[in-house]
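Per-entry structural report
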Amino acid sequence: SSGINAEYGDKDCVTYDQYAAKIKSNLDISNETDSLQGVFNAFDHMSDGFLTVSKIKGVLSNLGISFPESEIQMIVNQIGTDGRISFDQFQTLMLNTEEPL
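Heads up: these notes are all about the structure in this document. (Residues numbered from 1 in each chain as written. Predicted model: local features only at pLDDT ≥ 70, side-chain atom pairs only at ≥ 80, totals over all residues. Heavy atoms only, no water.)

**Looking at the overall build of the chain**
The criterion, for reference: Put simply, DSSP H or I for four residues or longer makes a helix, DSSP E for two residues or longer makes a strand, and each gets a number counted from the N terminus. Using a 1.4 Å probe on the protein chains alone, a residue whose accessible area is under 20% of its type maximum counts as buried, one over 50% counts as exposed, and one in between counts as partly exposed. Whether two residues are in contact is decided by their heavy atoms: any pair within 4.5 Å suffices.
A count of helical and extended segments in the chain gives six helices and two strands. When the helices and strands of the chain are read in sequence order from the N terminus, they spell out α-α-α-β-α-α-β-α. Considering the chain as a whole, with its 101 residues, one finds that 37% of them fall into the buried category. Counting only contacts in the chain whose residues sit at least 6 apart along the sequence, the fraction spanning at least 24 positions is 58%.

This is the structure in structure tokens:
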């Protein structure tokens, strides 16, 4: 197995804490709202104010992060509403996760 699963011991699913820690480590963001808004905007290329599975998968792929769509869908379902993540939900996710080891 490769990608994110290899990093987390081939677990069947990745938690959104692990997802957020991975994104934070790859994007080198701070916990400031402006920085988080910039990261959110990078994912929200259609500028509709929401992140979807396809938007997240596209950005992760561009960053060289292999993340199965089913796992992204689980994360979106855990923290989002109606299959989408708002900025407030994204900010809560990113501010309430621990830094990677």
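**Observations concerning the environment of Asp82**
Relative to the assigned elements, Asp82 resides in the loop between α5 (69-79) and β2 (85-86). The exposure class of Asp82 is exposed, given its relative accessible area of 73%. Through-space distance from the C-alpha of Asp82 to that of Thr52 is 9.7 Å; in sequence the pair is 30 residues apart.

**Points about the pattern of salt bridges**
Going by this rule: Any carboxyl oxygen of Asp or Glu within 4 Å of a side-chain nitrogen of Lys or Arg constitutes a salt bridge here.
Applying the stated criterion to the full structure yields two salt bridges. With a shortest N-O distance of 2.7 Å, Lys55 and Asp44 are connected by a salt bridge. Note that Lys55 is positioned in helix α4 (residues 53-62) and Asp44 in the loop between α3 (33-43) and β1 (50-51), a separation of eleven residues in sequence. For the pair formed by Lys55 and Asp44, the shared burial category is buried. In this structure, the salt-bridge partner of Lys55 is Asp48, at a minimum N-O distance of 2.6 Å. Salt bridges linked by common partners bring Asp44, Asp48 and Lys55 together as one network.

**What about the packing of aromatic side chains?**
Definition in use: Planes of paired rings set the category: under 30 degrees apart is stacked, over 60 is edge-to-face and the rest tilted, where pairs are Phe, Tyr or Trp rings (Trp by its six-membered ring) whose centres lie within 6.5 Å. Both a distance and an angle decide whether a charge sits over a ring: NZ of Lys or CZ of Arg must be within 6 Å of the ring centre and within 35 degrees of the ring normal.
This structure, assessed with the given rule, holds three aromatic pairs. Here the aromatic rings of Phe43 and Phe90 are separated by 6.3 Å at their centres, their planes lie at 50 degrees, and the arrangement is tilted. Of this pair, Phe43 sits in helix α3 while Phe90 sits in helix α6 (residues 87-95), and the two are 47 residues apart along the sequence. Here Phe43 matches Phe90 in class, with each residue buried. Among the aromatic residues, ring-to-ring pairing joins Phe40, Phe43, Phe87 and Phe90 into one connected group. Directly above the ring of Phe50 sits Arg84, whose terminal nitrogen or CZ lies 3.5 Å from the centroid.

**Quick look at unusual backbone geometry**
Of note in this structure, Ser47 is not a glycine but carries a positive phi near 55 degrees. Position of Ser47 among the secondary structure elements: in the loop between α3 and β1. Even without being glycine, Asp82 reaches a positive phi, approximately 55 degrees.

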